[in-house]
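Notes for the structure review
Here is how the chains run, residue by residue.
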Amino acid sequence: MTPHFGLPEFGFLLRGLQWTVLLTLVAFAGGCTAGLAIALLRTCGHKGVEWITRIYIGVFQGTPLLLQLFVVYYGLALTGLKLDAFVAVAIGFTVNASAFLGEIWRGAIQAVPRGQTEAAMALGLHYSSRMRDIVLPQAIRISLPATIGYLVQLIKGTSLAAIVGFIELARAGQIVSNQTFQPLLVFGVVGAMYFILCWPLSWWGSRMEARLALASQR
Amino acid sequence: MQDQILIEMKGVQKWYGGYQALRNVDLTVRKGEKIVVCGPSGSGKSTLIRCINRLEAIQQGSIVVNGHRLDDSIKAIDVVRQDVGMVFQSFNLFPHMTVLQNCTLAPIRARRVSKTEAEAIARKYLERVRIGDQAEKYPAQLSGGQQQRVAIARALCMQPKVMLFDEPTSALDPEMVKEVLDTMIGLANDGMTMICVTHEMGFARQVADRVIFMAEGQIIEEGAPDAFFRNPKHARTRQFLGEILAHH
Ligand SMILES: Nc1ncnc2c1ncn2[C@@H]1O[C@H](COP(=O)(O)OP(=O)(O)O)[C@@H](O)[C@H]1O
Ligand SMILES: [Mg+2]
């Protein structure tokens, strides 16, 4: 007997949603931390360091995320390190996010007018204060629309985690759909869940963008 | 002491890649002296003063500020920047901070002054540039002239021994030039040592002890303002002064 789409099935989707949110949060938090380091190294003024971070960014932006997940999940298993599916995809997404966020913030750091850094140097402020007090607060503001845009991509992109057997929202939908033979209904619900996660963020992002455009006109 | 040397540049040569921006520049500035630097666009005026606080590195020659020789060490650069304040053509106020925060940041971070003390100092200098009532505003809420006066106060809060001005009135609407020049004249009358890159010849006549004329990275001529304006020695200077006066 085929089960109908009822409360238990909805509950299963909700658990998938939880995993999607959790994976997104972990990858975003990790990606922000590592991405900030990447962005700072990428703009540090030391040619060698800048090249290494450039290659790092190039590799992770220039190869499919799917491949990166495979490498973490299966590749590390070959070295004897058997990772839990969640840990594996969390590492994969974090590293990937660090490259993308690093590149977004590199651009934002460089978009802060040179005169800001010069004024700070003339006042005798050191690198750490120049970054923390002057450049980063402005860079973060500049990068906010792109960062939010990336976060939305990340939420949707976590569905790739299903490929190594991790059951997040999209994979949960597929399972329920296969059990109930009600794909339209199930994927409709799944789609609505993604939408509820992503749309407010997108809206916030475009509002930020409009505000920034207005501010730069003044 | 009137004759204590604050800045001494000797044989300074500066290249941007293959382009030589300063050619064998010698300059001595004594305590309390007011120096106006003028010259055509691209002659190296900005480069000259930006070398003094090491916003630009030099390739040859030496710069000594208040007895400290500038080299590539962070320590030397630090010490010199503590003594040298700078005001830019484009103000370069920190847009995400209030006027007061603009003025207190460096004393708190670089001089390790307490917040209370830094704010007291900041309010004192903001009063002095007659902008004390705007302390809680953001730079974008102020006029250009007000912003430039905040920039002057911000530099003064570090209690520098020398102030460098790089065309501080060039980006201003004409009606705001006077308020900034008046502030600078006040500073000069208080005895501040100043190097001002400016084409405001009225200001030069009023406060300068010496006027320096630069062209193609060299100091071509220098002298007391009276002699400099009335009787320039070099043809290049005469031509430049003719152009400037024709524009004003
Ligand atoms: N960062 C730089 N890189 C390359 N060339 C520069 C740089 N800054 C200035 N220059 C060049 O050096 C010369 C002197 O510049 P500058 O000192 O700004 O002149 P001024 O302030 O008298 O107009 C100009 O020819 C300018 O193009
Ligand atoms: Mg200039």
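Residues numbered from 1 in each chain as written. Chains lettered and ligands numbered in written order. Predicted model: local features only at pLDDT ≥ 70, side-chain atom pairs only at ≥ 80, totals over all residues. Heavy atoms only, no water.

1. Side note on the sheet that holds strand β8 (residues 193-197) of chain B
Residues and elements named next belong to chain B. The following threshold applies: A strand pair is defined by DSSP finding two or more bridges across the two strands. Secondary structure elements are defined from DSSP: runs of H or I of at least 4 residues count as helices, runs of E of at least 2 residues count as strands, and each element is numbered from the N terminus. Angles here are taken between N-to-C directions and fall from 0 to 180 degrees, while the axes themselves are lines fitted to C-alpha atoms, restricted in helices to the stretch in contact.
An order of β6-β7-β8-β3-β9-β10 is seen for the six strands of this open sheet, with the pairing classed as mixed. The open sheet terminates on both sides in strands that have one partner only, identified here as β6 (84-87) and β10 (218-223). On average, adjacent strands in this sheet sit at an angle of 20° to one another, irrespective of strand direction. Taken together, the five bridges between strand β9 (residues 210-215) and β10 define a ladder with antiparallel strand orientation. For V211, the partnering residue across the bridge sits in β10 and is G223.

2. Details of the layout of surface pockets
Residue and element names in this part refer to chain A. What counts, and what does not: In this analysis the probe radius is 1.4 Å and the grid spacing 1 Å, with only protein atoms considered; a cavity is a set of points the probe fits into but cannot get out of, a pocket is an open set with protein on both sides within 12 Å along at least five of seven lines, and lining residues have an atom within 4 Å of a point. Grid points are joined across faces, edges and corners, and a volume is the space filled by probe spheres set on the points. All amino acids are sorted into three groups, where Ala, Val, Leu, Ile, Met, Phe, Trp, Tyr, Cys and Pro are nonpolar, Asp, Glu, Lys and Arg are charged, and the leftover types, Gly among them, are polar.
If you add up the space inside the second largest pocket, you get close to 420 Å³. Elements that contribute at least two residues to the lining of the second largest pocket include exactly α4 (85-111), α5 (114-122) and α6 (127-157). Here the lining of the second largest pocket takes four residues from α6, the largest share from any one element. Residue composition of the lining of the second largest pocket, grouped by class: eight nonpolar, four polar and four charged.

3. Brief notes about the confidence of the model for chain B
Note the cut-off: By definition, pLDDT measures how confident the predictor is in each residue, and it falls between 0 and 100.
Model confidence for chain B is summarised by a mean pLDDT of 95, while 98% of its residues fall at 70 or above. Across the interface, the model reports ipTM at 0.95; the global pTM reads 0.91.

4. Some words on the interface of chain B and chain A
Going by this rule: Every residue pair with non-hydrogen atoms within 4.5 Å of one another is taken to be in contact. Once two parts are brought into contact, the accessible area they lose, counted with a 1.4 Å probe and summed over both, makes up the buried area. The term salt bridge refers to a pairing of a side-chain nitrogen on Lys or Arg with a carboxyl oxygen on Asp or Glu at a separation within 4 Å. N or O atoms within 3.5 Å of each other form a polar contact, as long as, within protein, one can give a hydrogen and the other can take it, and as long as residues adjacent in sequence are counted only when both atoms are side-chain atoms.
The interface of chain B with chain A comprises 21 residues on the first partner and 18 residues on the second. Where chain B abuts chain A, roughly 1,700 Å² becomes buried across the two surfaces, and 60% of that area is made up of carbon and sulfur atoms. Our count for the chain B to chain A interface comes out at two salt bridges. Applying the counting criterion to the chain B and chain A interface returns six residue pairs in polar contact (both at pLDDT 80 or more). Among the secondary structure elements, those contributing two or more residues to the side of chain B that touches chain A are α2 (74-83), β6, α3 (99-110) and α5 (144-156) of chain B. With four residues, α3(B) is the single largest residue contributor to the side of chain B that touches chain A.

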